[in-house]
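Chain by chain, the residues run as shown.
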Amino acid sequence: MSTARKKKNIAVVAAVAVAAGALGIASYTATKPDDSASTGSSASAKKGSDSAAPEAGVFPELEGLARREAKDPLAQGKADAPVVMIEFADFKCGFCGKFARDTEPDLVKKYVDNGTLRIEWRNFPIFGEDSERAARGAWAAGEQGRFWQFHEAAYADGAKEKGFGDDRLKELAREAGIKDVPRFLRDAGSDAAKAAVKKDQDEGYKLGATSTPSFLVNGRPIAGAQPQSVFEEAIEKAAASRAEGGKEGSGK
């Protein structure tokens, strides 16, 4: 291996290590108990989980984690969009559901539809076997081009309380409009599904993600179901930075 290549690899590993600390801190900040939790106020505890500010640091080297595969069924938005938001999430996670229902649809309308943003999903099941089954089911839905429909059904209000057993996965498959349900079930139980989920999990753990949802927006870590304005600010800053970089590169 050439000296230049070794230096590049070392730089990337170092950036991952730094980002692991950053995302770990952001994850802790987003999920730590509110100082007023001792009063017994559940509203205060929830506020502490939802409203924590994300880590401000940006790690450009981590933009390379965006896969940008044009036919990736677990992604939406143009493969060459200037901004990529990588989302690590679990279908058993209540805050992931909150983000999916309350924030993500608006981000899609505002940024994905106009070509600014690409969203890449990473299965990051951390709540046991039920989470694992749901993740494998989501991957299997993607094999028939219905991942985002499955995503919507699995994150519907009250859906996670019904669990993700085999019968429930069948119901979700039908709700998602999956035509070949027997194939879906075979795919969900396959070694390929397990490998795909593990690949996403390993990536998340390497980055130091300790809670869900966790995000990277062009290398900027964000942890938790933050207010929509937090994501909009991160997306717009990333888009502006990419546009400015393009101008400099063209000599303008």
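Heads up: the structure comes first, above all this text.
Residues numbered from 1 in each chain as written. Predicted model: local features only at pLDDT ≥ 70, side-chain atom pairs only at ≥ 80, totals over all residues. Heavy atoms only, no water.

Draft legend 1. Expanded view of the overall build of the protein. On a plain count of helices and strands, the protein comes out with 10 helices and five strands. The burial tally for the protein puts 46% of its 252 residues in the buried class. Summing over all exposed atoms, the protein offers an accessible surface of approximately 12,300 Å²; the carbon and sulfur share of this is 52%. (Helix = DSSP H or I, 4+ residues; strand = E, 2+ residues; numbered from the N terminus. Buried < 20%, exposed > 50% of the residue type's maximum accessible area, 1.4 Å probe, protein only. Areas by Shrake-Rupley, 256 points an atom, 1.4 Å probe, with all protein chains shown as cover.)

Draft legend 2. Molecular detail of the pattern of salt bridges. A complete count under the given rule lists 19 salt bridges for this structure. For Glu 203, the salt bridge goes to Arg 67, with nearest N and O atoms at 3.9 Å. Placement of Glu 203 in helix α9 (residues 191-206) and of Arg 67 in the loop between α2 (42-50) and β1 (75-76) is noted, with a sequence separation of 136 residues between them. The class for Glu 203 is buried, based on a relative accessible area of 15%. By relative accessible area, which is 22% here, Arg 67 ends up partly exposed. (Salt bridge = Lys/Arg side-chain N within 4 Å of Asp/Glu carboxyl O.)

Draft legend 3. Region of interest: a nonpolar patch on the surface. Together, Ile 126, Phe 127 and Tyr 205 line one region of the surface with nonpolar side chains, adding up to about 290 Å² of accessible area. Within the secondary structure, Tyr 205 sits in helix α9. Classification of Tyr 205 by relative accessible area gives partly exposed; the value is 47%. (Patch = residues over 30% accessible without salt bridge, like charges linked within 9 Å, V, L, I, M, F, W, Y side chains within 5 Å.)

Draft legend 4. Structural detail: unusual backbone geometry. Thr 212 connects to Pro 213 through a cis peptide bond whose omega is -5°. Positive phi outside glycine occurs at Arg 68, with the angle close to 50°. Within the secondary structure, Arg 68 is located in the loop between α2 and β1. If you check the backbone angles, Asn 218 has positive phi at about 50° while not being a glycine. Looking at the element boundaries, Asn 218 is found in the loop between β4 (214-217) and β5 (220-223).

Draft legend 5. Here's a closer look at the nonpolar core. Ranked by size, the top nonpolar core spans 46 residues in total, and within it Met 85, Phe 91, Leu 117, Trp 121, Phe 150, Phe 184 and Val 217 carry the most contacts. Aside from chain neighbours lying at most four places away, what touches Phe 150 is Phe 91, Ala 134, Gly 137, Ala 138, Ala 141, Leu 169, Leu 172, Ala 176 and Phe 184. Judged by nonpolar contacts, the second largest core, of 10 residues, contains Phe 59, Leu 62, Phe 124 and Ala 209. (Core = buried A, V, L, I, M, F, W, Y, C linked by side-chain atoms within 4.5 Å. Contact = heavy atoms within 4.5 Å.)

Draft legend 6. Structural detail: the pairing of strand β2 (residues 83-89). Of all seven residues in β2, seven are buried; the element is thus mostly enclosed. Alternating positions in β2 separate into two faces, Val 83, Met 85, Glu 87 and Ala 89 on one and Val 84, Ile 86 and Phe 88 on the other, with burial throughout. Pairing geometry for β2 and strand β3 (residues 117-123), over seven bridges, is parallel. For Val 84, the partnering residue across the bridge sits in β3 and is Arg 118. Taken together, the four bridges between β2 and β4 define a ladder with antiparallel strand orientation. The partner of Ile 86 across the bridge, within β4, is Leu 216. (Pairing = 2+ DSSP bridges.)

Draft legend 7. Main features of the packing of aromatic side chains. Applying the stated criterion across every chain, the model contains 12 aromatic pairs. An aromatic cluster of three or more residues is present, and its members are Phe 91, Trp 121, Phe 147, Trp 148, Phe 150, Tyr 155 and Phe 184. (Phe/Tyr/Trp six-rings, centres within 6.5 Å; stacked < 30°, edge-to-face > 60°.)

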